[in-house]
Amino acid sequence: MQRHDFLITHSREDARNDRKWSHYRLHNFNMSGGRFSSPDWFASFAPTDEDFSDEHSEPPSLDQVTSDPSAKLLYLEAMRSLERDRLQPTWGRIQQMGEKDYEGLMVAFKELRHTLPVIPVTVLEEFVGFVEQIVGEVAYVTLTTNTGESLYGEYAASEMKAKGIMERRRFKCRTIDTGTHVKFDLEPIPDRHISEERERAILENLRNELGDNDGPQDDY
Amino acid sequence: MMARKTTTNTSASLEIHVFGAGKGESIVLRCPGGEWGVVDCYTSLLNDSSSNPTLQFLKDRGVSTLEFLCLTHPHDDHFRGMSQLLEQLHVKHFWRFSGLAGRELQRLALSLKVDAEQSEDPYISKSADEFVSVMQLVKKGRDAKTLRQKMVTGYQQLFPVPVDTSAEFQIWSFAPSGNQVAKYEEALATCFTEDGRFRNALPHAHHNSVSVGLLVRFGQTCIVLGGDVERSGWQDALEELQPEHLLANAVKVSHHGSDTGYTDGLWQKLSGNKKKKLPIAILVPYRRFGLPTQTALDHIRQHASKIMVTCEFDQSTTPGRVTAPLKSRLFLRTKLRARLLSTSQNYGRCTLVYDDSGNCIKSELIKPAHEL
């Protein structure tokens, strides 16, 4: 998802809120003697909780934005766009003043994105996982660190299977700190291929070791 | 229904010792006649027999011969370490789950071995090797005519040998039923292609369907050893047995206290619908599977005079300790309910001693075993 999506006014309620916040920020901007107020700026672009789900890329953190001087340029461009799009009610209908044009803002934002530092993704821990057993919808797993420490837990069996991780099979598991939240990656460790010859050799050994006469005729 | 004698020997007693450390279980029986027997065996370290709690317990008591050794079903938490018993003790009778004989047993062993090689997991690999070792040692004993094997199915007398339905001390099986064995064999057949090549392993829980269940009787005393008998196995047993057959003084709870380890009406039958003294329940937790479950515990509690457990386990009310790195571990606890697996191999022991009138004359808990 592109971060500028958050700027698009998508409902009447949103439009009202945007207008209110726009005035509030400009007021603060003037009251502070034109000094750039980064928390306010960031608030206008703050994503919702939904945007922080696993599937989305991460927005720049507050520190990263304010540490860059070009953030001020972006702020000014955003303010210009918001002013241009200031809404006014006419006969119960919401209309925009002027043509809605975010192109300038998008260009500025794209340029800025290149200059922003990349958020470091930290691998917190790596495990070798093992699916002990699947009972109904629950997969019982054990995670072992390279120091031999083991954790055990449960996970949705359907999600494990969807990733190709089956019962009595190993998988790689990494916990990752994305800067804003922690997530994990699961990846199956592929099975070793056993050739037909190898399988035949195992069976032959078993025949020698166990014999064929383990039948009821020897039972008591 | 079998006849039950009243003992005249007041010093004779039946001892049951149940071991567990959070994975796997072992049960040692001392018969009233002084013979010893073992039902299942588990040790985590296969290369060190001195850490095998079952073997050490028997050695400490100077036991060199086992009248019987029972392998309830082919799960490693019930057979790991059994080869050490077969190697170091003289086993006279070996009882095992029914349904797989000769080439079928080879197929089961093949499926375990190939599966282990495919997964490249050292623990599975060692378990598969242990299963083959156990079966190999049984064959060796049979070849040398020092050991006799019995494949257990349905309701049948296993002890004494030869069978004596009027004996004061008897051991009977009540599971697996023929029905469960047939289903198991069918399922195992699907693990192979038509030309006999291994296709995929049997789902892990399927092996429970052939679990042996035992009734240990001494006069008026009855102890039920549930193995890992699952709900369908219990349903078959309830249909086959008269209610009085299951009246128990003590019960080794089946399948580590899982929700699938009992069926409607089972515990009512075991406890005689509360018209008699309630049985003592012995539980062997399986921490990795979150067993026993709270549901099973609540159910058992209604029908048991007390619950003894061999070791500590995580109850749903205790969130568990979170260790560093905190961010990662907190996340895993939220997402997977992940808990730290104790590396302690501290086997607890629950011991009960019964006379032939159904009286528990001694009970002992060796830590971390405790009463709930």
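Residues numbered from 1 in each chain as written. Chains lettered and ligands numbered in written order. Predicted model: local features only at pLDDT ≥ 70, side-chain atom pairs only at ≥ 80, totals over all residues. Heavy atoms only, no water.

### Examining the overall build of chain B
Next, step 1: Per the secondary structure count, chain B includes 10 helices and 17 strands.
Next, step 2: Relative to its length of 372 residues, chain B is compact, with a C-alpha radius of gyration of 20 Å against a globular reference of 21 Å.
Next, step 3: Each principal axis of the C-alpha distribution contributes one length, and for chain B these read about 65 × 50 × 40 Å.
Next, step 4: The long-range fraction of contacts in chain B, counting pairs at least 24 apart against all pairs at least 6 apart in sequence, stands at 69%.
Next, step 5: Split by element, the accessible area of chain B, about 14,000 Å² in all, is 48% carbon and sulfur.
Next, step 6: Separation between the mean location of the 44 positive side-chain charges and that of the 39 negative ones in chain B comes to 4 Å. (Helix = DSSP H or I, 4+ residues; strand = E, 2+ residues; numbered from the N terminus. Rg over C-alpha atoms; globule rule 2.2 N^0.38 Å. Contact = heavy atoms within 4.5 Å. Areas by Shrake-Rupley, 256 points an atom, 1.4 Å probe, with all protein chains shown as cover. Lys, Arg positive; Asp, Glu negative; His and termini not counted. Charge placed at Lys NZ, Arg CZ, Asp CG, Glu CD.)

### As for the overall build of chain A
Next, step 1: Per the secondary structure count, chain A includes seven helices and seven strands.
Next, step 2: Reading chain A from its N end, one meets helices and strands in the order α-α-α-α-β-β-α-β-β-β-α-β-β-α.
Next, step 3: Within the span of chain A, comprising 220 residues, buried residues form 39% of the whole.
Next, step 4: Long-range pairs, those at least 24 residues apart, make up 54% of the contacts in chain A between residues at least 6 apart in sequence. (Buried < 20%, exposed > 50% of the residue type's maximum accessible area, 1.4 Å probe, protein only.)

### What about the pattern of salt bridges?
Next, step 1: Applying the stated rule across the entire model yields 21 salt bridges over all chains.
Next, step 2: Among the salt bridges present, the one from Arg168(A) reaches Glu132(A), with a minimum N-O distance of 4.0 Å. Linking Arg168(A) in the loop between helix 6 (157-162) and strand 6 (170-177) with Glu132(A) in strand 3 (residues 122-135), this pair joins segments that are 36 residues apart in sequence. As far as the burial class goes, Arg168(A) and Glu132(A) line up, both buried.
Next, step 3: Linking Glu199(A) and Arg197(B) is a salt bridge whose minimum nitrogen-to-oxygen distance equals 3.1 Å. With Glu199(A) in helix 7 (residues 196-210) and Arg197(B) in the loop between helix 6 (178-189) and strand 9 (213-218), this residue pair bridges two chains.
Next, step 4: Among the residues examined, Glu199(A) registers a relative accessible area of 5% and is labelled buried. (Salt bridge = Lys/Arg side-chain N within 4 Å of Asp/Glu carboxyl O.)

### Things to note about the sheet that holds strand 7 (residues 156-159) of chain B
All names here are of chain B.
Next, step 1: Taken in spatial order, the eight strands of this open sheet run 7-8-9-10-11-12-13-17, and their pairing is mixed. Of all strands in the sheet, those bounded by a partner on one side alone are strand 7 and strand 17 (370-371).
Next, step 2: In this sheet, strand 13 (residues 306-309) lies alongside strand 12 (residues 280-283) in parallel orientation, the contact comprising four bridges. Looking at strand 13, one finds that Leu-283 is bridged to Val-309. (Pairing = 2+ DSSP bridges.)

### With respect to the side chain of Ser211(B)
Residues and elements named next belong to chain B.
Next, step 1: For Ser-211, the position within the fold is in the loop between helix 6 and strand 9.
Next, step 2: Here the side chain of Ser-211 touches Asp-228 through a polar contact of 2.9 Å, landing on its backbone nitrogen.
Next, step 3: Other than its neighbours up to four places away in sequence, Ser-211 contacts Thr-72, His-73, Ala-175, Pro-176, Gly-226, Gly-227, Asp-228 and Val-229. (Polar contact = N/O pair within 3.5 Å; in protein donor to acceptor, adjacent residues only side chain to side chain.)

### Things to note about the interface of chain A and chain B
Next, step 1: At the junction of the two partners, chain A supplies 48 residues and chain B supplies 57 residues.
Next, step 2: In this assembly, chain A packs against chain B so that about 5,500 Å² is buried in total across both faces, 54% of it on carbon and sulfur atoms.
Next, step 3: We note a salt bridge from Glu117(B) to Arg198(A), for which the minimum N-O separation is 2.4 Å.
Next, step 4: Where chain A meets chain B, there are 21 residue pairs in polar contact (both at pLDDT 80 or more).
Next, step 5: Mapped by element, the contributors of at least two residues to the side of chain A that touches chain B are strand 3, strand 4 (138-144), strand 5 (150-156), strand 6, strand 7 (182-188) and helix 7 of chain A.
Next, step 6: With nine residues, the top contributor of residues to the side of chain A that touches chain B is helix 7 of chain A.
Next, step 7: Both strand 5 of chain A and strand 14 (residues 339-340) of chain B contribute to a ladder of two bridges, which runs antiparallel. Following the sheet pairing, Tyr152(A) is matched in strand 14 of chain B by Arg339(B). (Buried area = accessible area lost by both parts, 1.4 Å probe.)

### Here we look at the nonpolar core
What tends to happen in soluble globular proteins is that the nonpolar side chains get buried as a cluster.
Residues and elements named next belong to chain B.
Next, step 1: Grouped together as the largest cluster of nonpolar side chains are 83 residues, with contacts concentrated most on Leu-58, Phe-94, Phe-97, Phe-131, Ile-171 and Leu-225.
Next, step 2: Dropping the residues within four chain positions of it, Leu-58 is found in contact with Val-28, Trp-36, Val-38, Val-63, Leu-66, Leu-85 and Leu-89.
Next, step 3: Among the nonpolar cores identified, the runner-up in size contains 28 residues, and Trp-172, Ala-175, Leu-266 and Val-309 belong to it. (Core = buried A, V, L, I, M, F, W, Y, C linked by side-chain atoms within 4.5 Å.)

### Focus on the sheet that holds strand 6 (residues 148-152) of chain B
Within a sheet, adjacent strands bond to each other through the backbone by hydrogen bonds, running parallel or antiparallel.
Residue and element names in this part refer to chain B.
Next, step 1: Overall, mixed pairing links the eight strands, which are arranged 6-5-4-3-2-1-15-16 in an open sheet. With partners counted over all chains shown, the strands left at the sheet margins are strand 6 and strand 16 (360-366), one partner each. Across the sheet, the mean angle from the axis of one strand to that of its neighbour is 15°, orientation sign disregarded.
Next, step 2: Both strand 3 (residues 36-39) and strand 4 (residues 65-71) contribute to a ladder of three bridges, which runs parallel. Bridge pairing links Val-39 to Cys-70 in strand 4.
Next, step 3: Of the strands in this sheet, strand 4, strand 5 (90-97) and strand 6 touch helix 5 (residues 122-143), which is tilted by about 125° from strand 5. (Axes fitted to C-alpha atoms, helices over the stretch in contact; angles between N-to-C directions.)

### Let's talk about the side chain of Thr221(B)
Next, step 1: Inspection of the secondary structure assignment puts Thr221(B) in strand 10 (residues 221-225).
Next, step 2: Among the polar contacts made by the side chain of Thr221(B), one reaches the main-chain amide nitrogen of Gly358(B) at a distance of 2.8 Å.

### Quick word on the confidence of the model for chain A
Next, step 1: This prediction gives chain A a mean pLDDT of 69; 49% of its residues lie at or above 70.
Next, step 2: Within the model, pLDDT remains below 50 along residues 29-67 of chain A, and this stretch shows 64 contacts once partners closer than five positions in the same chain are excluded. (pLDDT = per-residue confidence, 0-100.)

### A look at unusual backbone geometry
Residue and element names in this part refer to chain B.
Next, step 1: Residues Val-161 and Pro-162 are joined by a peptide bond in cis, for which omega reads -5°.
Next, step 2: In this model, Leu-291 is joined to Pro-292 through a cis peptide bond whose omega is 5°.
Next, step 3: Tracing the backbone through its elements, the reader meets Pro-292 in the loop between strand 12 and helix 9 (294-301).
Next, step 4: Positive phi values are uncommon outside glycine, yet Glu-120 reaches one of about 55°.
Next, step 5: The phi dihedral of Lys-145 falls on the positive side, at around 60°, and the residue is not glycine.
Next, step 6: Tracing the backbone shows Lys-145 in the loop between helix 5 and strand 6.

### Observations regarding the packing of aromatic side chains
Residues and elements named next belong to chain B.
Next, step 1: Counting across every chain of the model gives 13 aromatic pairs over all chains.
Next, step 2: Note on Trp-36 and Phe-57: the rings are 6.4 Å apart at their centroids and 75° apart in plane angle, and the pair reads as edge-to-face. In this pair, Trp-36 sits in strand 3 while Phe-57 sits in helix 1 (residues 53-60), placing the two residues 21 residues apart along the sequence.
Next, step 3: With relative accessibility at 12%, the residue Trp-36 sits in the buried group.
Next, step 4: A cation sits over an aromatic face here: Arg-80 above Tyr-123, 4.0 Å from the ring centre.
Next, step 5: The ring of Phe-192 has Arg-107 sitting right over it, with the charged end atom 4.5 Å from the ring centre. (Phe/Tyr/Trp six-rings, centres within 6.5 Å; stacked < 30°, edge-to-face > 60°. Lys NZ or Arg CZ within 6 Å of the ring centre and 35° of its normal.)

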